[in-house]
Structures are given as C-alpha cells and as structure tokens.
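So the chains spell out like this:
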Amino acid sequence: MRTKVLIFFLLNCLVVGLLVRSVWSLLLLLVIDGSADAINRAELPAPNSDMIEKMPQIIPKIIHQTYANESIPKVWQEAQQSCLALHKDYEYKLWTDAKARDFIISEYPWFLDTWDGYAYPIQRADAIRYFVLSHYGGIYIDLDDGCQRSLDPLLAYPAWVRRTKPTGISNDVMGSTPGHPFFLRVIDSLPRYNRNWHFPYITIMSSTGPLFLSLIWRHYNEIDHAPDTRVRILFPEEYMGNGWSFFSHHLGNSWHKWDTKLLFWMAAHWIQLTVIGFIVGFSVIGLLWCAWRWIGNFRKRSANTIGWRWSWTKKTADLKGYVELDNLERYEA
C-alpha cells in the first residue's frame, strides 16, 4: 500500500514539474519588474528644462510608425499630429504594408518566408518595428500613442522599452540605436517563435507581440551587459498620466478579437478561476487515485481468481486420478 502511494505521489510530482517547467519563463516575468534598468524620473529633465540640451543624443532623430496605407484613420490623426508638431526636426517614416515588404525583401530576404506566412496583419506590423529600429535606429510609436512633450531626453539611452502591468514590457513605444544587440536578438528570434496557438490573441502576443518581446527581454537580461548594451525601462508614471510623462493614449487595439475579450474577462475574474482550478485539479488527482486503487484491486482479484481456478483444477485432476486408480484396483481384484 505504501509503495503504491509513493509511486502515485511521484507521478503527480513529475506531471506538475513538467507543467511548471513549460511555463517557467512566464512565471519569472511575474517577479522581474525591470527596476534595475528603470529610467528614473530624477534623471529626466522637466519638459521645458534647459538641461535637455545638455543630455547626449545617441538615438537618431527618427520617428517610425506603421499602417496599412498612407490614409491614417481620423481617430488616430490627432495622436499622430501631436508627435509631428513636437518633433519638427525629426525624420518621419510611415511604414505601409507595401513599403515594409519591400524593405524586408531588400534588407532581410531571409525573413521573407516568415513575413509572408504570418496569419494576421498585426504580426507584420509588429515585426517591421523591430527591423527598422535595428536597421535605422530611432523611436517607434504606435498610432494610438500621442506625444505630450519632446522625446529628446529619451535619445540619451542606447535602447529603451516601456514596462507594462502586471508583467513584462510592451512594444507600442520603443527606442534604439542602429544595430543594438537587443533588437538584433529580437529579429533573429522571430522565425523561431512563429507558432500558431489557434487563438488569435495568444498567437499574436507570443509570436510577435509584447509577450514575445518580454520573453526575449528576460533571456537577454540573463547575461550581464555593458552600459551601452543595456535595455532601459520606461515605467508607467513616465510613460503616461503625469505632467512630466512623455505620451498620451488614444483609442486603439484595433486587432483585438473575441478571444481577447475572453482573456480579459478571465483576468478580471482570476480569483474565482483560481479557486475553480484548484477544485478541478484536486478532483482530477482524486479520480486518478481512485482509478489507481481500482486497477490494483482488480489485478488482485484477477490473481486470486486465477489461483482459485488453478487449485480447483488440480484438486479435480487429483480426484479423477484417485477414482481411476480405485476402479483399476477393483477390476484387478
């Protein structure tokens, strides 16, 4: 009995261990907050400070944005114009679908098959931002992000992304020098992470979106980096919502579908779902234990039945031999 319990316990530990190992990178994102690489508000000059001009500017003055064509929807034009108005000395590059594909053909032909194989247009919109930051450098800004102050202070950092809650980093605003090792690693990893998870939101997030970028960031930070190869983190307070923040947010998320609503509903009810998950999990373990015991008892009963039948057959054979011997003795007499 004790041996069976031990085996059952070890099997369950093995299953749980394999499940935890498969999501270990995601679990680590819950405890890695990027604070060691934070762009602190204390080191950022105020919006109109003279100190801005004294800061180094190592990121090129280029703003990158993406859309299907040149006709930006009216809902995003205000956000777009707010960035253009504050950065008249910046080069502006709008990457349409056609321009983006031509760029990939010209500069990164090894990626074309992956590019054409993406199931959702947003995957290509995600991917192109990594390639142009790696190639040209500059600052990428989603069309639903507006600018509320000059981005010049952010040109002082070799590469930066923004922190999201509850975990990870986002790809809606990013900056980089050309050829930064982080974005080189990002573009090199894109084909390897190109998997279809059957749900559009999960597929997009994990193949090209913020989840993909967060996983690459976590693995990148496993190695100690020199100051010029670090990735600095813009935290929510500096991103949006304060007088010193750089960006403002407008209506967006045009690619979200039904599965996104389901996942957001699950996030809003995670406590109840966690309780249900534990109930289901322990119920499954209980059923497995019952099945284990039933199989053991069935084997024991089968063994007893076979032993009884063998004993009965042997007794019958002995009795038959005794009768035959008795008849033979009577016949000889």
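Nothing here was measured: the structure is a model prediction, and the numbers come from that model.

Asker: Would you explain the packing of helix α8 (residues 200-207) against helix α9 (residues 210-220) in this entry?
Answerer: Angle between the axes and distance between the axes: these two values describe a pair of packed helices. Where α8 contacts α9, the two axes come as close as 4 Å, and the packing angle between them is 35 degrees. In this structure, the crossing between α8 and α9 has a hand that is right-handed. Listed contacts from α9 to Met205, Ser206 and Ser207 of α8 are Pro210, Leu211 and Phe212. Partitioned by chemical class, the residues of the contact of α8 with α9 number four nonpolar, two polar and no charged.

Asker: Mind showing me how you'd approach the sheet that holds strand β5 (residues 159-163) here?
Answerer: Strands in a sheet are paired, the pairing made by backbone hydrogen bonds, and the direction either parallel or antiparallel. The strand order β2-β1-β3-β6-β5-β7 describes an open sheet built from six strands, whose pairing is mixed. In the strand order of this sheet, the two ends are held by β2 (91-95) and β7 (232-234), each with one partner. When strand polarity is set aside, the average angle formed by the axes of neighbouring strands in this sheet is 25 degrees. Bridge count between strand β1 (residues 62-66) and strand β3 (residues 138-141): two bridges; the pairing is parallel.

Asker: Can you help me understand the environment of Phe182 in this one?
Answerer: Summarising the element assignment, Phe182 is placed in helix α7 (residues 181-189). Classification of Phe182 by relative accessible area gives buried; the value is 0%. Linking Phe182 and Ser134, residues 48 residues apart in sequence, is a C-alpha distance of 8.6 Å. When neighbours within four sequence positions are excluded, Phe182 is seen to be in contact with Leu213, Ile216, Trp217, Tyr220 and Val231.

Asker: Mind showing me how you'd approach unusual backbone geometry here?
Answerer: Residues other than glycine predominantly adopt negative phi, and peptide bonds predominantly adopt the trans conformation. Of note, the phi angle at His198 is positive, near 75 degrees, even though the residue is not glycine. Of the residues examined, His198 reaches a relative accessible area of 69% and is grouped as exposed.

Asker: Just to check I follow, could you spell out the packing of α7 against α9 for this structure?
Answerer: Relative orientation of the contacting elements α7 and α9 amounts to 125 degrees, with a least axis distance of 10 Å. Considered as vectors, α7 and α9 are oriented oblique to each other. Handedness of the crossing formed by α7 with α9: right-handed. Listed contacts from α9 to Pro181, Phe182, Arg185, Val186 and Ser189 of α7 are Phe212, Leu213, Ile216, Trp217, His219 and Tyr220. Of the residues that constitute the contact of α7 with α9, the class distribution is eight nonpolar, two polar and one charged.

Conventions we followed
- Residues numbered from 1 in each chain as written.
- Predicted model: local features only at pLDDT ≥ 70, side-chain atom pairs only at ≥ 80, totals over all residues.
- Heavy atoms only, no water.
- Axes fitted to C-alpha atoms, helices over the stretch in contact; angles between N-to-C directions.
- Helix = DSSP H or I, 4+ residues; strand = E, 2+ residues; numbered from the N terminus.
- Left-handed = near helix turned anticlockwise from the far one by under 90°.
- Contact = heavy atoms within 4.5 Å.
- Nonpolar A, V, L, I, M, F, W, Y, C, P; charged D, E, K, R; others polar.
- Pairing = 2+ DSSP bridges.
- Buried < 20%, exposed > 50% of the residue type's maximum accessible area, 1.4 Å probe, protein only.
- Parallel < 35°, antiparallel > 145°, perpendicular 65-115°, else oblique.

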